[in-house]
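For reference, the chains in residue letters:
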Amino acid sequence: QPAQPAQPAQPAQPAQRGAEDRLFCLGLDDSSMCRQLHEIVFSEYLDADMSRSVSLGASIEEVESFADVALGVKTADLMYVPEGERRAADVVLIDQHLLVDNEVWMGSDIASALRARGFEGLVCLMSGTDNEHLQELQAQTVIDVAFSKSDSPVYIADTIASLCKGGA
């Protein structure tokens, strides 16, 4: 086989110890504290594959590249992945209101764009708004579940795990 082209900061890490069976979870939030919470939910409560799972949103580039990362086209470091090694995320957890460097995005729009590009994983939205707005978000066909930012990590993880097992 021909050698793969060199990609700086992209050491090849073949999946081991059942990593393929563990969830690949991806979060998107403009708050560093919320990104940390996502990663705790992923690692501690969902036992996700933390070699891939991460929460983005610290920069405009991370927000704009989120769909590529979720679809497996780019790594969390925003490096392109060779076609044969791509793996889409199983779960995305997206903040509904993103504000980074004075640019605004709506999580529901990002979810719609993901679905339009063929994303088949679980789409979760997080919002700090009231229950009525959460129900409106969850009613959108591109969104599987909407969480309140006040929901506990255990509730979020249990809901995600049951939806993944149930083939949502």
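Residues numbered from 1 in each chain as written. Predicted model: local features only at pLDDT ≥ 70, side-chain atom pairs only at ≥ 80, totals over all residues. Heavy atoms only, no water.

Trainee: Help me out: how do you make sense of the packing of aromatic side chains in this one?
Mentor: Any aromatic ring pair is given by two values, namely how distant the centres are and how the planes are angled relative to each other. Overall, the coordinates contain 1 aromatic pair when judged by the stated rule. Between the aromatic rings of F147 and Y155, the centroid separation amounts to 6.0 Å while the plane-to-plane angle is 90 degrees, which identifies the pairing as edge-to-face. The exposure class of F147 is buried, given its relative accessible area of 0%. (Phe/Tyr/Trp six-rings, centres within 6.5 Å; stacked < 30°, edge-to-face > 60°. Buried < 20%, exposed > 50% of the residue type's maximum accessible area, 1.4 Å probe, protein only.)

Trainee: When you look at the pairing of strand β5 (residues 103–106) in this model, what are you seeing that I'm missing?
Mentor: In the case of a regular strand, side chains alternate between the two sheet surfaces. Pairing of strand β4 (residues 97–100) with β5 involves 4 bridges; the strand directions are antiparallel. Bridge assignment links H97 to a residue of β5, and that residue is M106. The antiparallel pairing of β4 with β5 creates a hairpin that spans 2 residues between the two strands, and D101 there sits at a positive phi of about 50 degrees. (Pairing = 2+ DSSP bridges. Helix = DSSP H or I, 4+ residues; strand = E, 2+ residues; numbered from the N terminus.)

Trainee: Help me understand the nonpolar core in this model?
Mentor: Nonpolar side chains in soluble globular proteins generally cluster together in the buried interior. Ranked by internal contacts, the top residues of the largest apolar core, which has 30 residues, are L26, F66, V92 and L114. Looking at this core, the element that brings in the most residues is helix α2 (residues 60–70), giving 5 residues. Excluding residues within four positions of it along the chain, V92 makes contact with L26, F66, A70, L114, F119, L122, V123 and C124. Counting residues in hydrophobic clusters, the runner-up holds 16 residues, among them L93, C124, F147 and A157. (Core = buried A, V, L, I, M, F, W, Y, C linked by side-chain atoms within 4.5 Å. Contact = heavy atoms within 4.5 Å.)

Trainee: Please clarify how the sheet that holds strand β3 (residues 91–95) should be interpreted in this entry.
Mentor: Hydrogen bonds between backbone atoms are what pair the strands of a sheet, whose relative direction is either parallel or antiparallel. An order of β2-β1-β3-β6-β7 is seen for the 5 strands of this open sheet, with the pairing classed as parallel. If you trace the sheet from one side to the other, it starts and ends with β2 (54–56) and β7 (145–148), each paired once. Averaged over neighbouring strand pairs, the angle between their axes works out to 20 degrees when direction is ignored. The sheet contact formed by strand β1 (residues 25–28) and β2 spans 3 bridges and is parallel. Note that in β2 the partner of G27 across the bridge is S55. Strand contacts of α2: β1, β2 and β3, with the helix running at about 160 degrees to β1, the strand carrying the most contacts. Contacts from helix α3 (residues 107–116) reach β1, β3 and β6 (122–127) within the one sheet, and its direction differs from that of β3 by about 150 degrees. (Axes fitted to C-alpha atoms, helices over the stretch in contact; angles between N-to-C directions.)

Trainee: Mind showing me how you'd approach the environment of R86 here?
Mentor: Mapped onto the secondary structure, R86 falls in the loop between α2 and β3. Measuring from C-alpha to C-alpha, the distance between R86 and L71 comes to 7.9 Å, with 15 residues separating the pair along the chain. With sequence-adjacent residues up to four places away left out, R86 is seen in contact with G72, V73 and V81. A distance of 2.9 Å separates a polar atom in the side chain of R86 from the backbone oxygen of V81. (Polar contact = N/O pair within 3.5 Å; in protein donor to acceptor, adjacent residues only side chain to side chain.)

Trainee: Sorry if this is basic, but what is going on with the packing of helix α1 (residues 32–45) against helix α5 (residues 153–165) here?
Mentor: Each pair of packed helices can be described by the angle between their axes along with the distance between the axes. Their axes nearest at 10 Å, the elements α1 and α5 cross at an angle of 60 degrees. One finds that α1 runs oblique with respect to α5. Crossing angle aside, the handedness with which α1 passes α5 is right-handed. For the pair α1 and α5, the contacting residues are L37, V41 and Y45 in the first and P153, V154, I156 and A157 in the second. By residue class, the composition of the contact of α1 with α5 is 7 nonpolar, no polar and no charged. (Parallel < 35°, antiparallel > 145°, perpendicular 65-115°, else oblique. Left-handed = near helix turned anticlockwise from the far one by under 90°. Nonpolar A, V, L, I, M, F, W, Y, C, P; charged D, E, K, R; others polar.)

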